[in-house]
Amino acid sequence: MRLDRFLSNLPRFNRQDARQLLAGGRVRLDGQPCFDGRREVRIFSRVELDEEVLQAGKAARYFMLHKPIGVVSATEHPEHRTVLDLLDEPDTHDLHLAGRLDLNTSGLLLITNDGQWSRRVTAPQNKQPKVYLVDTEDPIDPACVEVFAAGLYFRFEDLVTRPAELEILAPRRARLTLHEGRYHQVKRMFGHFQNKIVDLHRVSMGALQLDERLCPGQYRALEADEIGSF
Ligand code: URA
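Residues numbered from 1 in each chain as written. Predicted model: local features only at pLDDT ≥ 70, side-chain atom pairs only at ≥ 80, totals over all residues. Heavy atoms only, no water.

Let's talk about the overall build of the protein
Scanning the protein from terminus to terminus reveals six helices and 15 strands. Once the C-alpha set of the protein is aligned to its principal axes, its extents read approximately 70 × 35 × 30 Å. Contacts spanning at least 24 positions in sequence make up 60% of the contacts within the protein whose residues lie at least 6 apart. Only carbon and sulfur atoms are counted for the fraction: they give 49% of the accessible area of the protein, which is about 12,800 Å². Once the 32 positive and 34 negative side-chain charges of the protein are each reduced to a mean point, those two points are 5 Å apart. (Helix = DSSP H or I, 4+ residues; strand = E, 2+ residues; numbered from the N terminus. Contact = heavy atoms within 4.5 Å. Areas by Shrake-Rupley, 256 points an atom, 1.4 Å probe, with all protein chains shown as cover. Lys, Arg positive; Asp, Glu negative; His and termini not counted. Charge placed at Lys NZ, Arg CZ, Asp CG, Glu CD.)

Considerations on the domain arrangement of the protein
Each domain of the protein was delimited in the assignment, giving domain 1 (3-55) and domain 2 (62-227). Using C-alpha coordinates to define each centre, domain 1 is positioned 40 Å away from domain 2. (Domains from an automatic or database assignment.)

Here we look at the site of the ligand
Every residue near the ligand is listed here: Leu-101, Asp-102, Thr-105, Tyr-132, His-184, Gln-185, Val-186, Lys-187 and Leu-200. Residue Thr-105 places a side-chain N or O atom 3.0 Å away from an oxygen atom belonging to the ligand. The separation between an oxygen atom of the ligand and a polar main-chain atom of Lys-187 is 3.1 Å. For the ligand, the protein covers 94% of the area, taking 240 Å² as the surface of the free molecule. If you map the ligand onto the pockets, it falls in the largest pocket. For the shell around the ligand, the element with the most residues is helix H5 (residues 185-191), which contributes three residues. Here the residues of the shell around the ligand sort into four nonpolar, three polar and two charged. (Near = heavy atom within 4 Å. Polar contact = N/O pair within 3.5 Å; in protein donor to acceptor, adjacent residues only side chain to side chain. 1 Å grid on protein atoms, 1.4 Å probe; cavity = no way out; pocket = protein on both sides within 12 Å on 5 of 7 lines; lining within 4 Å. Sits in = over half its atoms within 2 Å of the grid points. Nonpolar A, V, L, I, M, F, W, Y, C, P; charged D, E, K, R; others polar.)

Let's talk about the nonpolar core
One broad trend across soluble globular proteins is that nonpolar side chains are buried collectively. Ranked by size, the top nonpolar core spans 30 residues in total, and within it Ile-111, Phe-148, Leu-176, Val-186 and Phe-190 carry the most contacts. Breaking this core down by element, the ones donating at least two residues are strand S5 (62-67), strand S7 (105-112), strand S8 (130-136), helix H4 (143-150), strand S12 (173-178), H5 and strand S13 (197-205). Residue contacts for Phe-190: discarding those within four places in its chain leaves Val-134, Thr-136, Ile-140, Phe-148, Leu-166, Leu-176, Asn-195 and Ile-197. (Core = buried A, V, L, I, M, F, W, Y, C linked by side-chain atoms within 4.5 Å. Buried < 20%, exposed > 50% of the residue type's maximum accessible area, 1.4 Å probe, protein only.)

Overview of the side chain of Thr-82
If you trace the backbone, Thr-82 turns up in the loop between S5 and strand S6 (96-97). With a relative accessible area of 2%, Thr-82 lands in the buried category. With residues up to four places along the chain from it excluded, the contact list for Thr-82 reads Val-71, Val-72, Ala-74, Thr-75, Glu-76 and His-77.

Here's the deal with the layout of surface pockets
Taken as a whole, the largest pocket encloses approximately 590 Å³ of empty space. In this structure, the largest pocket is lined by 28 residues; those nearest its centre are Arg-100, Gly-181, Arg-182, Tyr-183 and Arg-202. Of all the elements in the fold, those that place two or more residues in the lining of the largest pocket are helix H3 (115-122), S8, H5 and S13. Among the residues forming the lining of the largest pocket, the class breakdown is twelve nonpolar, eight polar and eight charged. (Points joined across faces, edges and corners; volume = space filled by probe spheres on them.)

With respect to the packing of aromatic side chains
Across all of its chains, the model carries five aromatic pairs by this definition. The interplanar angle of 85° and the centroid separation of 5.6 Å between the aromatic rings of Trp-117 and Phe-230 together place this pair among those described as edge-to-face. Here Trp-117, found in helix H3, pairs with Phe-230, found in the segment after helix H6 (224-228); they are 113 residues apart in sequence, far enough to count as distant. Take Phe-230: its relative accessible area is 14%, and that puts it in the buried class. Seen from their ring centres, Phe-148 and Phe-193 are 5.9 Å apart, and the 75° between their planes marks the pair as edge-to-face. One end of the pair, Phe-148, is in helix H4; the other, Phe-193, is in the loop between H5 and S13, with 45 residues separating them in the sequence. Taken together through their ring pairs, the aromatic side chains of Tyr-62, Trp-117 and Phe-230 make up a single cluster. (Phe/Tyr/Trp six-rings, centres within 6.5 Å; stacked < 30°, edge-to-face > 60°.)

Examining the UniProt feature "domain: RNA-binding S4" (unreviewed entry) in the protein
Mapped onto this structure's residue numbering, the UniProt feature "domain: RNA-binding S4" (unreviewed entry) falls at residues 1-58. For residues 1-58, the helix share is 26%, the strand share is 21%, and the end-to-end C-alpha distance is 15 Å. (UniProt positions renumbered as here; feature names shortened; annotations may be inferred.)

Comments concerning the sheet that holds strand S2 (residues 32-33)
The strands that make up a sheet pair up through hydrogen bonds in the backbone, lying either parallel or antiparallel. Across the sheet, four strands lie side by side as S2-S1-S3-S4; this open sheet has antiparallel pairing. Strands at the two margins of the open sheet, each flanked by one partner only, are S2 and strand S4 (52-55). Pairing analysis gives two bridges linking strand S1 (residues 27-29) to S2, with the strands arranged antiparallel. Its bridge partner lying in S2, Leu-29 is registered against Gln-32. (Pairing = 2+ DSSP bridges.)

Shown next, in the form of structure tokens:
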């Protein structure tokens, strides 16, 4: 909500009051005097009027988790443990996932209570690379490199996948960089070559690398620059 609307929504102020308070430099947004009523007030914003706190602002929370295999990327599930069960944090019901990994995929998963941020991370137009280490049942056909770079037709969605980079590291191991996140995308891409994935691990999203110090199941809070990288 805009700051001027936030102020005029308070029972004691109307729109003109709000304008005057702002013009008089009496309003602080996140600790800074604010004269611009168009500025956005979020649930995480601190809003003060003179010495009075109008809204304390909720703490925004951002975590990276090393998702283990066998834990479901959801906030609740009738059968499986969810990734939220791995967090020793208060109010986990407030948190949601910025992207998903399949049950049998491991690696970098982002968790937050900031919906604007997670929308940015997962927006289809966000072409930031997601890097996966892939182990396959059969040797990887070198033709995959060109086919993945050209894009593969996905009949269900009726689209061609964005160019993806495949680097073959060993006969059955590759690094795959995607610039989107379609349902079971990596499995379907290798499925096109009748090659089954036996292990799939996400190592990075955008500039953010999975912290190597985190064992499967462990997590840590993101640093400010990591949050800002999306
Ligand atoms: N592609 C898949 O097939 N599975 C994942 O978990 C992520 C990408």
